[in-house]
Amino acid sequence: MAKPLFPEVTVNGQVIAQEDIAQEAQNHTAPAGKPGWAWQAGARALVIRHLILEEARTMGLSPAPGEVAPGKFETEDEAMVRQVLEIRVEPDDVTEDAIKRAFDTRGDQFRAPSLYEAAHILLAVRPDDQSSQMEAKLRASEILKLALENPKRFDTLARENSDCSSKDNGGVLGQLSSGDTVPEFDAALATIKQGAVHPELVETQFGFHIIRLDARAEGAPLPYDSVKTTISDAMERAAWAQAAQRFTAELVNTAEITGVRFSAPAEKAPAA
């Protein structure tokens, strides 16, 4: 019989099935060529889940599964995990002073949407066609080189090459606001020097873009009262996550675990 690729994992004497770990590992990302990272993360998640369920049984809990979506209910285990976390995780209070300090420190991050005037040349591709992707990228690279060498040719290059309907207007897209375009395009708009052509191709789900930024108007900082709730919600989520980490660390530190390593503090508790 072939030797298992990964060591046996046990929690307080109970074995966590390798098949379960392999399935859970699919929910965790890992660097290319390092499948062991995802396996370790999956094993840790199942160990923590096992310990929380042990805690639920020790506490004598038997909650009724809740409805998580129309017609879809929690499993019994999910309901127990949720109730344990509701009872045992005690996040620190988020005070008005803390919210105000966060705003004073990071207030510049909270701005109204920026406005842009931009133009682009799109070389469209189908995501499932690798050969057309390579061909489009090579063609787009050649067009980008021409646009960078002579930005005044951008209008002509767009009319002759773009796969977007904006080509009839020289690639001009009109006024855009932050969030109007896909994330990759939006991020590029925020970094291009006004009046310049982006020095690199921007790849999105639609294909390869050559982008020129004609004008930018940065969004004005937002007042405290308009972002207070946003900051408070983010701080409450962070406080809950920190409290959950403390709780799961306590469970891990008092358990007998073999076959998997835990860093300190222990990994976050599973979402309820």
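Residues numbered from 1 in each chain as written. Predicted model: local features only at pLDDT ≥ 70, side-chain atom pairs only at ≥ 80, totals over all residues. Heavy atoms only, no water.

**Quick look at the nonpolar core**
In this structure, Val-9, Ile-21, Leu-51, Ile-52 and Phe-247 are the most contacted members of the largest nonpolar core, which totals 26 residues. Those elements that provide at least two residues to this core are strand S1 (9-11), helix H2 (35-58), helix H3 (76-88) and helix H8 (224-253). With nine residues, H2 is the largest single contributor of residues to this core. Judged by nonpolar contacts, the second largest core, of 15 residues, contains Ala-119, Ile-143, Phe-154 and Val-197. (Core = buried A, V, L, I, M, F, W, Y, C linked by side-chain atoms within 4.5 Å. Buried < 20%, exposed > 50% of the residue type's maximum accessible area, 1.4 Å probe, protein only. Helix = DSSP H or I, 4+ residues; strand = E, 2+ residues; numbered from the N terminus.)

**Looking at the confidence of the model for the chain**
Taken over all residues, the pLDDT of the chain has a mean of 90, while the share at 70 or more is 95%. Mean pLDDT values over the elements of the chain span from 90, in strand S3 (residues 67-69), up to 97, in helix H6 (residues 154-161). Taken together, the stretch residues 264-268 has pLDDT below 50 and engages in 14 contacts with residues farther than four places along the chain or on a different chain. (pLDDT = per-residue confidence, 0-100. Contact = heavy atoms within 4.5 Å.)

**Some points on the packing of aromatic side chains**
A complete count under the given rule lists two aromatic pairs for this structure. When the centroid spacing of 4.4 Å and the interplanar angle of 15° are considered together, the rings of Phe-6 and Trp-39 count as stacked. Highlighted residues: Phe-6 in the segment before S1 and Trp-39 in helix H2, separated in sequence by 33 residues. (Phe/Tyr/Trp six-rings, centres within 6.5 Å; stacked < 30°, edge-to-face > 60°.)

**Remarks on the sheet that holds S1**
Pairing is antiparallel across the open sheet formed by three strands, whose spatial order is S2-S1-S9. Looking at the sheet topology across the chains shown, the edges are occupied by strand S2 (14-16) and strand S9 (257-258). In the sheet, S1 pairs with S9 via two bridges, with the strands oriented antiparallel. Its bridge partner lying in S9, Val-11 is registered against Ile-257. In the packing of H2 onto the sheet, contacts are made with S1, S2 and S9, and the angle to S1 comes to roughly 20°. (Pairing = 2+ DSSP bridges. Axes fitted to C-alpha atoms, helices over the stretch in contact; angles between N-to-C directions.)

**Some details on the environment of Arg-111**
By the element assignment, Arg-111 lies in the loop between helix H4 (96-106) and strand S5 (115-124). C-alpha of Arg-111 to C-alpha of Gln-194: the two residues are 83 residues apart in sequence and 19 Å apart in space. What Arg-111 contacts, discounting residues up to four positions off in sequence, is Gly-219, Ala-220, Pro-221 and Leu-222. A distance of 2.6 Å separates a polar atom in the side chain of Arg-111 from the backbone oxygen of Gly-219. (Polar contact = N/O pair within 3.5 Å; in protein donor to acceptor, adjacent residues only side chain to side chain.)

**Thoughts on the environment of Ala-38**
Inspection of the secondary structure assignment puts Ala-38 in helix H2. Residues Ala-38 and Glu-24 lie 14 residues apart in sequence; the distance between their C-alpha atoms is 8.7 Å. Sequence-distant contacts of Ala-38, defined by excluding residues within four places in its chain, comprise Ala-25, His-28 and Ala-30.

**A closer look at unusual backbone geometry**
The phi torsion of most residues other than glycine is negative, and most of the peptide bonds are trans. Positive phi is not limited to glycine here, since Asn-12 has a value of about 50°. In this fold, Asn-12 is placed in the loop between S1 and S2. Taking relative accessible area as the criterion, Asn-12 reaches 37% and is therefore assigned partly exposed.

**Comments concerning the sheet that holds S5**
Read across the sheet, four strands follow the order S6-S5-S8-S7 without closing on themselves; strand pairing throughout is antiparallel. Two strands bound the open sheet, and with one partner strand each, they are strand S6 (172-177) and strand S7 (202-204). Across the sheet, the axes of successive neighbouring strands diverge by a mean angle of 45°, strand direction being ignored. Sheet analysis places S5 next to strand S8 (residues 207-217), joined by 10 bridges and oriented antiparallel. Its bridge partner being in S8, Ile-121 is matched across the sheet by Ile-210. In this fold H6 packs onto S5 and S8, with an angle of close to 45° to the strand it touches most, S5.

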